Amino acid sequence: MPGARVIAEHVTRAYGASVVLDDVSFVVEPGELIALTGASGSGKTTLLQLLGSLDRPTSGSIIVGDTAVHRLSRPARFRRETVGFVFQLHHLLPTLTVSQNVQLPLVAAGVRRRERSRRALELLGEVGLADRDRALPGDLSGGERQRVAIARALAGEPQLLLADEPTGALDSVASERVWRLLVAARERHGTTVIVASHDSMLAEHADRGLSLVDGRLVSGSSDGGAGEEAA
Amino acid sequence: MTALFAPLSSLRRRPGRTLLTALGTALGIATIVALLAVAGGAEHAAGEFYSLGASDLGLFQKAAADPTTSVLSTTLIPKLRRTPGIADATPLLLLVGEVSRAPGAIVFGADPSGFLTQRLVFSSGRMLTSRRQIVVGDQLARQLHLAVGDTLRVHGRPLTVVGIYHIGVAYQDQGAFVDMPLAQSIAGMDGETTTIAVKLGVTERPAAAKRTIAQRFPGLTVIADAQEATRAGANAQLVSNAALVIAVLALLIGGIGVINTMLMSVVERRSEFALLSAVGWSRWQVAGRVLVEGVVTTVIGAAIGLPVGVLGADWLVSELGAQEFVAPRTTAWGLGRGLLVGVLIGVLGGLYPAWRAARVSPAQALAQG
C-alpha cells in the first residue's frame, strides 16, 4: 500500500482557553519520513493525534490520502485502514501474547485467524522477533516491546505511520534498531512516516523536519534541511 | 467475531479479578437456585397438603389462608355423598404442633373406616380402632424411633402406637392419624373438620364435579390438583411470591455486583480500550469485548453457583429446621433458570461498563499512559 499525502491547513486545537496547536499548515508527500520536533508541551503529540483521528481539531482541515480526517464520522475505520501508531510506552496488552498483540488491527479488520497468525509471524520476522511470538510482553525487554509495537503498527499495511517518541525509553542500541525498522517500513512499503522525537538520531534518518514551538509551526517547508530542523 | 478474540486469555491472566467477579455472580445464582428449590419444595408440599394425596378433590372453607385454618361442618358430608358424581366423602382434621417431640409433624384426625385411611399400607401393626390409639407414618416413626406398642403423646395425651404405615405422601408419612372425635376434642372443633376429602365416581370428570359442588355449596373451595392448590392457598401463594421477590432481589444484588466489578475493571483498563480504539476497533467491537468477558465470567460463576445453590437449598432447609415440611426440589428447569439468570446478569451487568469502555477517549487515555 503506497504512502498517503498529508495536508494540514490552518489546524488549531484548543482546550478551553488553552491553545495547544495554533494555525498549523503543512504538506507531507507520500513516502516521506518526517521528523516532528519541538520541546515538551510544544504540541507534537496533539498534532499526531489529530493526524491519526484520535482527536479532532478545533478548526482547520486535515486530509490524509482521500480522507478528510477532520470530518470523519467513523474514525475507527480510518484508523484501521489507513494509520499505524507507535507510542512511546508501546501500549502492548499485557494479557495477550506478542503474536496476539500484533494481530489486534487485523482482528478489527475481520481477517481470518489463520491469515492473522501468518501475517503476525511474518511481521515479527521483519522486526527480528519471530521466535518470541508466544511470549507475553512482560517477558520482553523495552527494545523488544517497541519492535512488537512497530510490527503491530504495520499489521494493517497503513499508508501513514505515526510514531510518538518511539525511542524515548530506549538505550542507544535499541533506539538505532527502532530507527532502522521505521526507515525500512518506509522503504519496503512506501509508507509515509511522521515521527515525533527528541532523539538526535532522528535527524540522520528523516527526509525533512517540522518544528513546533508553543503550538506554532516555525519551520517545515519541503526545501528545509532535516538536519538543522530535527536537531 | 472481534469480541471473541482471546477473551479467555484476558480472563485467565487476571485470575484474581475473574474469580472475584465470578464469585459475585455465583453467589447471586446460588441464592436463586436455592430459593427456587426451597420454594418449589414448599409449593409441592403445599400442593400435597391441599390435594390430600389420594383423594380426587379436597374441599376447604373459602378464603381460608391454609388448610389448618379452614372450618367446615361435618353435616356437609352426608349431603356431599348424595351429590351426583361423588362416590364418597370423608372428613380430615389437621392438627399442627401437637406432637412435642416433632413439632413439624401433622396429626390427621380421620374416620378409620373412611376411604383415605383405607389406603394406608401398614408395614407393621394395623389400623386404629379406638380413641386412645394412633397410627404413625414410617418417616415419623423413624425420626422418633417408634415401634408398635410404644406411646406417643399428642396434645399431652398418651396414645398407643398400633400401626406404622406408608402412603407415599410426604406430609402423611411424616405425620400420624388419630380417630376423628379425638382430633375434634383436641382442636375444640366438635362437629367440625378442617377439610373434606372427596372420591369421585369412576366416570366422573373432576372439572364437572367441581362445577356441581361449587353450585351446590358456594362456601367451599374445591381443589383438584397440586398446582391449583398452591394458587388457592394464601400461605402457599405467599411462599411462592416471597421466593419470587427474593429471587429478583438476588438478581439485582448479583447484577449490581457484576456491574461494580466490571466497571472497576473498565476503569482500570482504560488504556487497554483506548489502545484497541487507536488500532482501529470500533466502539461496538470494544463494547462487545467487554460484554463477552462479562458473559464468560458469569458462566464461570454459574458453574460454581449452580451446585452451591443445590447444596445450599438442603443446608437452608436444615438450618431453618424445616426438613419435616419441605424437601427442596431441584429441577432441570430450576437449574436452567439459574443459568439463564447468570447469563442475563452477565449481559445486563456488562452493558453499562461496556458503554463506558466504548466511550474511552483514546487520545486522553493513551496520553495518560
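Residues numbered from 1 in each chain as written. Chains lettered and ligands numbered in written order. Predicted model: local features only at pLDDT ≥ 70, side-chain atom pairs only at ≥ 80, totals over all residues. Heavy atoms only, no water.

A.B. asks: Please provide a residue-by-residue account of the overall build of chain B, values included.
C.D. replies: Helix and strand content of chain B: 14 helices and 12 strands. Residues counted as buried form 51% of the 369 residues belonging to chain B. Of the contacts made within chain B by residues no fewer than 6 positions apart, 78% connect residues no fewer than 24 positions apart. (Helix = DSSP H or I, 4+ residues; strand = E, 2+ residues; numbered from the N terminus. Buried < 20%, exposed > 50% of the residue type's maximum accessible area, 1.4 Å probe, protein only. Contact = heavy atoms within 4.5 Å.)

A.B. asks: Which residues make up the sheet that holds strand β2 (residues 18–28) of chain A, and what values do they have?
C.D. replies: Sheets are built from strands that pair by backbone hydrogen bonding, the pairs being arranged parallel or antiparallel. Residues and elements named next belong to chain A. Pairing is antiparallel across the open sheet formed by 4 strands, whose spatial order is β2-β1-β4-β5. Two strands close off the open sheet at either side, each with one partner strand: β2 and β5 (67–68). Strand contacts of helix α1 (residues 44–51): β1 (6–15), β2 and β4 (59–64), with the helix running at about 60 degrees to β2, the strand carrying the most contacts. (Pairing = 2+ DSSP bridges. Axes fitted to C-alpha atoms, helices over the stretch in contact; angles between N-to-C directions.)

A.B. asks: So what about the environment of L129(A)? Which residues, and what values?
C.D. replies: Residues and elements named next belong to chain A. Of note, L129 is situated in the loop between α4 (113–126) and α5 (142–155). As a C-alpha pair, L129 and V148 span 19 residues in sequence and 7.7 Å in three-dimensional space. For L129, the residues in contact, after removing those within four places along its chain, are L124, E144, R147 and V148.

A.B. asks: Quick rundown of the packing of aromatic side chains? Include the residues and the values.
C.D. replies: Inspection of the entire model under this criterion finds 5 aromatic pairs over all chains. On the basis of an interplanar angle of 75 degrees and a centroid distance of 6.3 Å, the ring pair of F122(B) and Y165(B) is categorised as edge-to-face. Note that F122(B) is positioned in strand β5 (residues 121–125) and Y165(B) in strand β8 (residues 157–166), a separation of 43 residues in sequence. Connected via pairs of aromatic rings, a cluster forms that spans F108(B), F122(B), Y165(B) and F177(B). The side chain of R13(A) reaches across the aromatic face of Y15(A), ending 4.1 Å from its centre. (Phe/Tyr/Trp six-rings, centres within 6.5 Å; stacked < 30°, edge-to-face > 60°. Lys NZ or Arg CZ within 6 Å of the ring centre and 35° of its normal.)

A.B. asks: Residues and numbers for the side chain of S61(A), please.
C.D. replies: Position of S61(A) relative to the elements: it lies in strand β4. Ignoring anything within four residues of it in the chain, the contact list for S61(A) reads I7(A), A8(A), E9(A), V11(A) and H70(A).

A.B. asks: Summarise the interface of chain A and chain B; cite the residues concerned and give the values.
C.D. replies: The interface is formed by 23 residues belonging to chain A together with 23 residues belonging to chain B. Across the interface of chain A and chain B, roughly 2,000 Å² is buried in total on both sides, 67% from carbon and sulfur atoms. For the chain A face of the interface with chain B, the top three residues by lost area are H91(A), L93(A) and T95(A), together amounting to 27%. Summed over the shared surface of chain A and chain B, the number is 0 salt bridges. Linking chain A to chain B there are 4 residue pairs in polar contact (both at pLDDT 80 or more). Of all elements in the fold, only α2 (75–82) and α3 (98–108) of chain A reach the threshold of two or more residues within the side of chain A that touches chain B. A per-element tally of the side of chain A that touches chain B places α3(A) first, with 6 residues. Taken together, the residues that form the side of chain A that touches chain B break down as 12 nonpolar, 6 polar and 5 charged. (Buried area = accessible area lost by both parts, 1.4 Å probe. Salt bridge = Lys/Arg side-chain N within 4 Å of Asp/Glu carboxyl O. Polar contact = N/O pair within 3.5 Å; in protein donor to acceptor, adjacent residues only side chain to side chain. Nonpolar A, V, L, I, M, F, W, Y, C, P; charged D, E, K, R; others polar.)

A.B. asks: So what about a nonpolar patch on the surface? Which residues, and what values?
C.D. replies: A contiguous nonpolar surface patch, about 750 Å² in accessible area, is contributed by L244(B), V245(B), I246(B), V248(B), L249(B), L252(B), I253(B) and I256(B). With respect to the helices, strands and loops of the structure, L252(B) is situated in helix α10 (residues 234–268). (Patch = residues over 30% accessible without salt bridge, like charges linked within 9 Å, V, L, I, M, F, W, Y side chains within 5 Å. Areas by Shrake-Rupley, 256 points an atom, 1.4 Å probe, with all protein chains shown as cover.)

A.B. asks: Let's hear about the nonpolar core: which residues, and what values?
C.D. replies: In this structure, F26(A) and I194(A) are the most contacted members of the largest nonpolar core, which totals 51 residues. At 5 residues, helix α11 (residues 270–278) of chain B tops the list of elements feeding residues into this core. Once residues lying within four places of it in the same chain are set aside, the contact partners of I194(A) are V28(A), I34(A), L36(A), L48(A), L51(A), L160(A), L161(A), L162(A) and A163(A). If you look at the next biggest cluster of nonpolar residues, it comprises 37 residues, including V86(A), L123(A), A153(A) and A206(A). (Core = buried A, V, L, I, M, F, W, Y, C linked by side-chain atoms within 4.5 Å.)

A.B. asks: Requested: an account of the pattern of salt bridges, with residues and values cited.
C.D. replies: Counted according to the given criterion, the structure contains 16 salt bridges over all chains. We note a salt bridge from E157(A) to R119(A), for which the minimum N-O separation is 3.9 Å. Of this pair, E157(A) sits in the loop between α5 and β7 (160–164) while R119(A) sits in helix α4, placing them 38 residues apart in sequence. Classification of E157(A) by relative accessible area gives partly exposed; the value is 43%. Note on R119(A): relative accessible area 18%, which makes it buried. Taking the shortest distance from any N to any O, the salt bridge between D88(B) and R81(B) comes out at 3.1 Å. Residue classification places D88(B) among the partly exposed residues on the basis of a relative accessible area of 22%. What makes R81(B) partly exposed here is its relative accessible area of 40%. What emerges from the salt-bridge pattern is a single network uniting R269(B), E272(B), R289(B) and E293(B).

Without other data, these values stay purely geometric and don't point to any function.
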